[in-house]
Amino acid sequence: MIPELLLAVVPVALILVISEYLWRKKIAKGERARKFIHILSGVWMAFWPLYLPYEGIFILGTAALSLLIYSRITNLFHAIYAVKRKTYGDVLFAVAIMVCAYLAKADWIFTTSILFMALADGGAAVAGRLWGVSNQYFVLGYKALKKSVAGTMAFIVLAYVAIACGWILGGEEIIRSNTIVVLITLPIVATLLENFAPYGLDNLLSPVFVTILLNSLQ
């Protein structure tokens, strides 16, 4: 069990250390540094069920939550919090890992759900910063819900990448039997959640929704 835990934790620790180094060297700051952590660590965590039991994942999620709360108090990891907007996405990220580990009825469901949070949501933020300056919009007129067409389109595309990973890891039969629900309803609703959830709440709502919906198809 110890080798498996090390395999799970060490890469995430390296990502945090590297991000802090890049922040101190002023190579990556703000959203760029934050999304570096979000995407890389989240994608790695998505595949934890391949070698860890869910009890272990839940414990690691709890440890991550404790560390993030401590970091909020002490500003331990500057790269995570070096953003001007108000967000609780970091804490909700860890909560999502715990909730999905508790709810997921299959490994591929957990992986797909976390990839929606890590890859699709993180990729949407990156695309929005790179190509979304000229096509921004405010959902319902709220400044806290500033999005971009480029970011939204990136979310949808990467949502299908997440679904494809789920297909490969064991969800082929379920996805094939529920094509409309998985390939149309799931990405659309998850995109709406990503658009309407303020302050990083989409980090929790999106993966939990994906888990619940895919569980219902089992």
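Reading the values: the criteria
- Residues numbered from 1 in each chain as written.
- Predicted model: local features only at pLDDT ≥ 70, side-chain atom pairs only at ≥ 80, totals over all residues.
- Heavy atoms only, no water.
- Helix = DSSP H or I, 4+ residues; strand = E, 2+ residues; numbered from the N terminus.
- Rg over C-alpha atoms; globule rule 2.2 N^0.38 Å.
- Buried < 20%, exposed > 50% of the residue type's maximum accessible area, 1.4 Å probe, protein only.
- Contact = heavy atoms within 4.5 Å.
- Areas by Shrake-Rupley, 256 points an atom, 1.4 Å probe, with all protein chains shown as cover.
- Phe/Tyr/Trp six-rings, centres within 6.5 Å; stacked < 30°, edge-to-face > 60°.
- Axes fitted to C-alpha atoms, helices over the stretch in contact; angles between N-to-C directions.
- Parallel < 35°, antiparallel > 145°, perpendicular 65-115°, else oblique.
- Left-handed = near helix turned anticlockwise from the far one by under 90°.
- Expected span 1.5 Å × (residues − 1).
- Bend = angle between axes of the 7 residues up to and from the residue.
- Salt bridge = Lys/Arg side-chain N within 4 Å of Asp/Glu carboxyl O.
- Nonpolar A, V, L, I, M, F, W, Y, C, P; charged D, E, K, R; others polar.
- Core = buried A, V, L, I, M, F, W, Y, C linked by side-chain atoms within 4.5 Å.

(A) Structural view of the overall build of the protein. Along its length, the protein carries nine helices and two strands. The C-alpha atoms of the protein give 17 Å as radius of gyration, which agrees with the globular expectation for 218 residues (17 Å, within 12%). Projecting the C-alpha coordinates of the protein onto the three principal axes gives extents of approximately 50 × 45 × 25 Å. Sorting the 218 residues of the protein into buried and exposed places 50% on the buried side. Taking the contacts inside the protein whose residues are at least 6 apart along the sequence as the reference set, 73% of them involve residues at least 24 apart. Put simply, the protein shows about 10900 Å² of open surface, and 71% of that area lies on carbon and sulfur atoms.

(B) Looking closely at the packing of aromatic side chains. All chains considered together, the criterion is met by two aromatic pairs. Between Y54 and F110, the aromatic rings sit 6.0 Å apart at their centres with planes inclined by 65°, giving edge-to-face as the arrangement. Here Y54 is found in helix α3 (residues 54–74), whereas its partner F110 is found in helix α6 (residues 107–131), with 56 residues between them in sequence. Aromatic side chains F116 and F155 sit 6.4 Å apart centroid to centroid with 65° between the ring planes, which places their arrangement in the edge-to-face category. Of this pair, F116 sits in helix α6 while F155 sits in helix α7 (residues 149–177), and the two are 39 residues apart along the sequence. Among the residues examined, F116 registers a relative accessible area of 0% and is labelled buried.

(C) Expanded view of the packing of α6 against α7. Remark: α6 packs on α7, axes separated minimally by 7 Å, with the N-to-C direction vectors making an angle of 160°. When the axis of α6 is compared with that of α7, the two are roughly antiparallel. For the element pair α6 and α7, the recorded crossing hand is right-handed.

(D) Fine view of α7. Relative to the 42 Å expected for 29 residues at 1.5 Å per residue, α7 spans just 31 Å between its end C-alpha atoms, considerably shorter than the ideal helical length. Its maximal kink placed at G171, α7 deviates by approximately 120°.

(E) Up close: the pattern of salt bridges. Taken as a whole, this structure holds three salt bridges when the rule is applied. A salt bridge links R72 to D90; the nearest nitrogen and oxygen atoms lie 2.9 Å apart. With R72 in helix α3 and D90 in helix α5 (residues 89–103), this residue pair connects regions lying 18 residues apart in the sequence. Residue classification places R72 among the partly exposed positions, given a relative accessible area of 34%. Among the salt bridges present, the one from E194 reaches K147, with a minimum N-O distance of 3.4 Å. Note that E194 is positioned in helix α8 (residues 179–196) and K147 in strand β2 (residues 146–148), a separation of 47 residues in sequence. Summarising the burial analysis for this pair, E194 and K147 share the class buried.

(F) Focus on the packing of α7 against α8. It is at 10 Å that the axes of α7 and α8 come closest, and there the two elements cross at 145°. Relative to α8, α7 is oriented so that their crossing is right-handed. Facing T152, F155, I156, A159, Y160, I163, I175, R176 and S177 of α7, the residues of α8 in contact are T179, V182, L183, L186, P187, A190, T191, E194 and N195. Along the lines of polarity and charge, the residues of the contact of α7 with α8 split into eleven nonpolar, five polar and two charged.

(G) Representation of unusual backbone geometry within the structure. The backbone of Y199 shows a phi angle near 55°, a positive value even though the residue is not glycine. Mapped onto the secondary structure, Y199 falls in the loop between α8 and α9 (202–216). For Y199, a relative accessible area of 40% puts it in the partly exposed group.

(H) Summary view of the nonpolar core. In terms of nonpolar packing, the biggest core is built from 42 residues, with W48, I97, F110, F116, L186 and L214 touching the most fellow members. Elements supplying a minimum of two residues to this core: α1 (2–24), α2 (30–46), α3, α5, α6, α7, α8 and α9. At ten residues, α6 tops the list of elements feeding residues into this core. Other than its neighbours up to four places away in sequence, L214 contacts W108, I109, T112, V182 and L186. In terms of nonpolar packing, the next biggest core, distinct from the first, is built from five residues, L65, V91, A94 and M98 among them.

(I) View of the environment of V139. Looking at where V139 falls in the secondary structure, it is placed in the loop between β1 (136–138) and β2. Distance in space between the C-alpha atoms of V139 and N195 is 6.9 Å, their sequence separation being 56 residues. When sequence neighbours within four positions are dropped, the list of residues in contact with V139 reads L145, K147, N195 and F196.

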